[in-house]
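Coordinates in review
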Amino acid sequence: MVAPSERLFFALWPTPEVVAAIQQLQAQLPPNLTGRAMPVETWHITLAFLGQWPVAQRPALLTAAESLSMPEFSLTLDQFGHWAKPRIFWLGLSEAPAPLFELVQQLNTCLQPLGYQPESRPYCPHVTLRRDVSRIELQSLPRVTPIDWPVSSFCLVRSMASGERTRYEVVWRFEG
Ligand code: ATP
Ligand code: MG
């Protein structure tokens, strides 16, 4: 029998104020952009993507994440970006604060004994706003009015395929 598993990732979840600010920004985008907009309730910044993980390991995962020291900091969303290969259009940071990198580093370190393979690419925090975007003229977009995002917790999130869409469910919130 195959052990039941779930698709998991750690993420920062935006406050209602941040969501409202991103919505305002999104309303200024040209209406003819290609791809599809990600629903508001999916917006997040991934910290560590675990992928498929045995359900039986969830307690160990929670214990590991509880053990790290959560710093309080704030980050500023201030630039749009596009990655051609995954075809995503995103909102990100021109300068990520050190505590954010430290948080990712702490997660990588505490999850490794559980079998987690940290991402080898440099960490590039972003909120995916649209998918299936093959091309976009970033220069023609309105300037981003910087959005301040206060961070005092992070989440373990379950990713669930439902038809064509993926839904995310916050499983656990880790506070400082
Ligand atoms: P789908 O893959 O069903 O289109 P999705 O990409 O939104 O949906 P997941 O693949 O479950 O959902 O990913 C959850 C989060 O983790 C997303 O923010 C995604 O960009 C990020 N992610 C997925 N795969 C990786 C990876 N290999 N490395 C880093 N982050 C990843
Ligand atoms: Mg994916």
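Attention in this report is confined to the structure presented alongside it. In this text, all values refer to a predicted model and were calculated from it rather than measured experimentally. Along each chain, the written sequence defines residue order, and numbers are assigned to residues from 1. Following the order in which they are written, the chains are lettered starting with A and the ligands numbered starting with 1. Selection of residues for local features in this predicted model requires a pLDDT of at least 70, selection of side-chain atom pairs for listing and counting requires 80 or more, and totals for whole chains, interfaces and linings are taken over all residues. As a rule here, side-chain values cover all heavy atoms of the structure and leave hydrogens and water aside.

In this section: the pairing of strand E6 (residues 88-92). Any residue under 20% of the maximum accessible area for its type is buried, any over 50% is exposed, and the rest in between are partly exposed; the area is computed with a 1.4 Å probe on protein chains only. Helix numbering and strand numbering both begin at the N terminus, where a helix is a DSSP run of H or I of at least 4 residues and a strand a DSSP run of E of at least 2. A large share of E6 lies buried, amounting to 5 of its 5 residues. Here E6 shows a buried face lined by Ile88, Trp90 and Gly92 and a second buried face lined by Phe89 and Leu91. At least two DSSP bridges between two strands are needed for those strands to be called paired. Strand direction decides the pairing type here: strand E5 (residues 79-83) and E6, joined by 5 bridges, are antiparallel. The residue of E6 that forms the bridge with tryptophan 83 is isoleucine 88.

Next up on the list: the pattern of salt bridges. Here, a salt bridge means any side-chain nitrogen of Lys or Arg that lies within 4 Å of a carboxyl oxygen of Asp or Glu. If you walk through the whole model with that rule in mind, you get 5 salt bridges. Here arginine 121 makes a salt bridge to glutamate 119, at a shortest N to O gap of 2.4 Å. What makes arginine 121 exposed here is its relative accessible area of 60%. Between glutamate 137 and arginine 135 there is a salt bridge; the shortest N-O distance is 3.0 Å. Accessibility expressed as a relative area gives 39% for glutamate 137, which makes it partly exposed.

Pairing is antiparallel across the open sheet formed by 4 strands, whose spatial order is E3-E1-E9-E10. The sheet terminates laterally at strand E3 (45-54) and strand E10 (165-175), the two strands that pair on one side only. The mean angle between the axes of side-by-side strands here comes to 25°, regardless of whether they run parallel or antiparallel. As paired elements, strand E1 (residues 5-12) and E3 share 8 bridges and run antiparallel to each other. Residue pairing in the sheet places glutamate 6 in a bridge with tryptophan 53 of E3. For this analysis, residues touch if any pair of their heavy atoms sits within 4.5 Å. In this analysis, axes come from line fits to C-alpha atoms, helices being fitted only over the stretch in contact, and the angle between any two N-to-C directions falls in the range 0 to 180 degrees. Most of the contacts of helix H2 (residues 58-66) go to E10, to which it runs at about 50°, and overall it touches E1, E3, strand E9 (153-162) and E10.

Let us look at helix H1 (residues 16-27). Multiply 1.5 Å by the residue count of a helix minus one, and that product is the helix's expected span. Compared with an ideal rise of 1.5 Å per residue, which puts 12 residues at 16 Å, H1 spans 16 Å between its outermost C-alpha atoms and is within 8% of the ideal. Inspection of H1 places Val18, Val19, Ile22 and Leu25 among the buried residues, and these make up the whole buried set. Each buried residue of H1 lies within a common arc of 120° when the element is viewed along its axis, so the set occupies one face. The exposed set on the far side of H1, more than 90 degrees from its buried face, consists of Pro16, Glu17, Gln24 and Ala27. For H1, the elements touching its buried residues are strand E4 (73-77), E5, E6, strand E7 (126-131) and strand E8 (147-151). Note that the arc is defined by the directions from the helix axis to the C-beta atoms.

Our next topic: the site of ligand 1. Think of it this way: one heavy atom of a residue within 4 Å of a molecule or strand is enough to make that residue near it. Around ligand 1, the neighbouring residues are Arg7, Phe9, His44, Thr46, Phe49, Glu119, Arg121, Arg131, Ser159, Thr166 and Tyr168. Between ligand 1 and the protein, one listed contact pairs an oxygen atom with a side-chain N or O atom of arginine 7 at 2.6 Å. Contacts described as polar in this section are N or O atom pairs within 3.5 Å, which, within protein, must combine one atom able to donate a hydrogen with one able to accept it, while residues neighboring in sequence count only if both atoms come from side chains. Within the side chain of arginine 121, a nitrogen or oxygen atom sits 3.4 Å from a nitrogen atom of ligand 1. Accessibility throughout is a Shrake-Rupley quantity obtained with a 1.4 Å probe, and a residue counts as covered only by protein chains that appear here. In isolation ligand 1 offers 600 Å² of accessible surface; the protein chains occlude 67% of this area. Because more than half of its atoms lie within 2 Å of the grid, ligand 1 is assigned to the largest pocket. Of all the secondary structure elements, the ones that give two or more residues to the shell around ligand 1 are E1, E3 and E10. Here the term charged refers only to Asp, Glu, Lys and Arg, the term nonpolar to Ala, Val, Leu, Ile, Met, Phe, Trp, Tyr, Cys and Pro, and the term polar to all other amino acids, Gly among them. Classifying every residue of the shell around ligand 1 gives 3 nonpolar, 4 polar and 4 charged. Grid points spaced at 1 Å over the protein atoms alone were grouped into cavities, where a 1.4 Å probe fits but cannot get out, and pockets, open sets with protein on both sides within 12 Å along at least five of seven lines, with lining residues defined by an atom within 4 Å of a point. A molecule is said to be in a cavity or pocket once over half of its atoms fall within 2 Å of that pocket's grid points.

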